[in-house]
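Given next are the chains, with one letter for each unit.
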Amino acid sequence: MSDNKKPEKILAVKGMNDILPADAPLWELLENTTESVLKSYGYQKIVTPILEETGLFARAIGAVTDIVEKEMYSFTDSMNGDLLTLRPEGTAGTVRAVLEHNLVYDGPKRLWYKGPMFRHERPQRGRYRQFFQFGAEAVGFTGPDIDAELIMLCRRLWDDLGLENIRLELNSIGDAAERLRHRADLIAYFEAHSELLDAEATRRLHSNPLRILDTKNPAMQDLVNKAPKLLDYIAGESLAHFEGLKSILDHNNIPYVVNPRLVRGIDYYNRTVFEWVTDALGAQGTVCAGGRYDPLIEMFGGKATPAVGFAMGMERLIELMKEVGEPNEPSLCDVYLVHQGDGARMQAFVLAERIRDAGLDVILHCATASGAGSFKAQMKKADGSGASFAVILGEDEVANHTATVKAMRGAADQSQQSSVGFDAVVDYLVDAVIGAHGHDHEHVHYHH
Ligand code: ATP
Ligand code: MG
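Worth saying up front: this structure is predicted, and the values here are computed from it rather than measured. (Residues numbered from 1 in each chain as written. Chains lettered and ligands numbered in written order. Predicted model: local features only at pLDDT ≥ 70, side-chain atom pairs only at ≥ 80, totals over all residues. Heavy atoms only, no water.)

A. Examining the pairing of strand β15 (residues 389-393) more closely. Within β15, five of the five residues are buried, leaving the element largely enclosed by the surrounding structure. Side chains F389, V391 and L393 project from β15 onto one buried face, and the interleaved A390 and I392 project onto a second face that is buried too. Summarising the sheet, strand β13 (residues 335-339) and β15 pair through five bridges and their orientation is parallel. By the bridge assignment for β15, V335 is matched with F389. Summarising the sheet, β15 and strand β16 (residues 402-407) pair through four bridges and their orientation is antiparallel. Bridging across to β16, V391 finds its partner in V405. (Buried < 20%, exposed > 50% of the residue type's maximum accessible area, 1.4 Å probe, protein only. Helix = DSSP H or I, 4+ residues; strand = E, 2+ residues; numbered from the N terminus. Pairing = 2+ DSSP bridges.)

B. Layout of the environment of N80. Positionally, N80 belongs in the loop between β3 (73-76) and β4 (83-86). By relative accessible area, which is 48% here, N80 ends up partly exposed.

C. Examining the sheet that holds β13 more closely. Ordered by their spatial adjacency, five strands build an open sheet running β14-β13-β15-β16-β17, and the pairing between neighbours is mixed. The open sheet has two edge strands, β14 (362-364) and β17 (417-421), and neither has a second partner. This sheet shows a mean twist of 25° between the axes of neighbouring strands, independent of strand direction. The strands touched by helix α13 (residues 342-357) are β13, β14 and β15; relative to β13, the strand with the most contacts, the crossing angle is about 165°. Sheet contacts for helix α14 (residues 375-384): β13, β15 and β16; angle to β13, the most-contacted strand, approximately 175°. (Axes fitted to C-alpha atoms, helices over the stretch in contact; angles between N-to-C directions. Contact = heavy atoms within 4.5 Å.)

D. Structural detail: the packing of helix α2 (residues 54-61) against helix α4 (residues 91-100). Relative orientation of the contacting elements α2 and α4 amounts to 105°, with a least axis distance of 9 Å. By the angle between their axes, α2 is roughly perpendicular relative to α4. Where α2 approaches α4, its residues L56, F57 and A60 are matched on the opposing element by A92, G93 and R96. (Parallel < 35°, antiparallel > 145°, perpendicular 65-115°, else oblique.)

E. Structural detail: unusual backbone geometry. The phi dihedral of N102 is positive, around 45°, even though this residue is not glycine. Checked against the element boundaries, N102 lands in the loop between α4 and β5 (109-118). The exposure class assigned to N102 is partly exposed, which follows from its relative accessible area of 44%. Residue H401 is not a glycine yet carries a positive backbone phi of 55°.

F. Main features of the packing of aromatic side chains. Enumeration over the complete set of coordinates arrives at five aromatic pairs. With a centroid separation of 5.6 Å and an interplanar angle of 75°, the aromatic rings of W27 and F132 are classed as edge-to-face. On the criterion of sequence distance, the pair formed by W27 in helix α1 (residues 24-40) and F132 in strand β6 (residues 130-139) is long-range, its members being 105 residues apart. Note on W112 and F134: the rings are 5.6 Å apart at their centroids and 40° apart in plane angle, and the pair reads as tilted. In this pair, W112 is assigned in strand β5 and F134 in strand β6, connecting sequence segments 22 residues apart. Residues W112 and F134 agree in their burial class; the two are buried. (Phe/Tyr/Trp six-rings, centres within 6.5 Å; stacked < 30°, edge-to-face > 60°.)

G. Quick look at the packing of α1 against helix α5 (residues 144-160). Packing of α1 against α5 leaves a shortest axis separation of 10 Å and a crossing angle of 145°. α5 is crossed by α1, and the crossing has right-handed handedness. Between α1 and α5, the residues in contact are T33, T34, V37, L38 and S40 and L153, R156, L157 and D160, respectively. Here the residues of the contact of α1 with α5 sort into four nonpolar, three polar and two charged. (Left-handed = near helix turned anticlockwise from the far one by under 90°. Nonpolar A, V, L, I, M, F, W, Y, C, P; charged D, E, K, R; others polar.)

H. Molecular detail of the sheet that holds strand β1 (residues 44-45). Here eight strands make up an open sheet; going across it, the order is β1-β5-β6-β11-β10-β9-β7-β8 and the pairing mixed. What marks the edges here is a single partner per strand, and that holds for β1 and β8 (257-258). As paired elements, β6 and strand β11 (residues 307-313) share seven bridges and run antiparallel to each other. Within β11, the position partnered with Q133 by the bridge is G313. Docked against the sheet, α1 engages β5 and β6, running at close to 5° with respect to β6. α4 rests against β5 and β6 of the sheet, and its axis sits at about 135° to β5.

Any link to function would need more than the numbers given here.
Here is the structure:
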């Protein structure tokens, strides 16, 4: 810089958050718990790209939806003119991959994914422009049993996470023919009350009237509450599917409320729709939403294949988890390696690698702008790391081929300090660390 002005700081893109180390244990707890629950139901992981062709989402999500109309981050690839979009949700990419790799050729599949999603929304509590979802998709199953399984999987997850007060709202939106009959009556009803419709509802009246039922406009609540209910148009197989689902849930004591206004904002859903909702997060109370989308795969050019899935918003779950408690602060390492002098520094590298070979976690003290650090300063760092042991290599130790092992905060007996032969120190540490409290600091637990 020629003048003395400091360069301007570059900040994160609005609505896109950093997850800082202080919150990492909570995220780890959420991810580990979710993955182990998914595994316990036989779901397999799938990872798809964050970028897809824009056309994929336009087709999969439906043109007259919040997402496709106004929330997608789309751009033209300057290299070749391709129209690309940062994925706003995970189902479209998962279904594309299922078809592209013919994953269901040998039978139905239970899949799950996690990762960042992008939507250009107005940032507010529980609503961000980059957010993370966990999702599951079960492809190739027809009956209400798989719908029930997905719901019970969520129930188990809330229990395992210690989250209470998440209620299940359930509805059926039937099949296309049933929705068409309901749609005609719905349009007639709204037309008869057109003076009560807001601008968005007026615009959607003929393109996606079902979405009007989803409105958050307080002035329209009375109107939509009295509107013709889709559930009243559902009969035959759709109704049997819904009744079948409810009877499995009843049999397993899974409470739910049927919410006839629950329609989901996405066009490809049919039959079962559900949401897990809490009152603890203000306006953004839906932590998980899902349902059946039997028509989608055929719309994509595949053989007609039924499918059902859900997606959960991880930031909203993290916020709920924060109300339960903070996880125990995990120690950063088992061993903090303190060293003084050039000879000791070279030996410290060798020793640190050997200790890691034995399966323990080691932080090796490294120089900073203020230098290599005094013995006292290094011991302070060792203490702050939460390590069970500090291993000290100084001039004396190097001369005697020993290391000093000092028990720290994380150790059972903190008065312990021993001089150990250099070649014996790894075994000594392994015994001491595992002997003291097992080696499970990777597992994060809540502390209430
Ligand atoms: P909403 O009505 O809140 O806009 P949605 O119908 O757009 O929700 P889905 O597309 O069903 O939401 O996404 C599933 C879940 O992902 C939501 O229930 C929510 O927990 C989470 N989610 C959706 N959009 C966001 C966002 N912008 N920021 C954070 N989480 C989100
Ligand atoms: Mg939305």
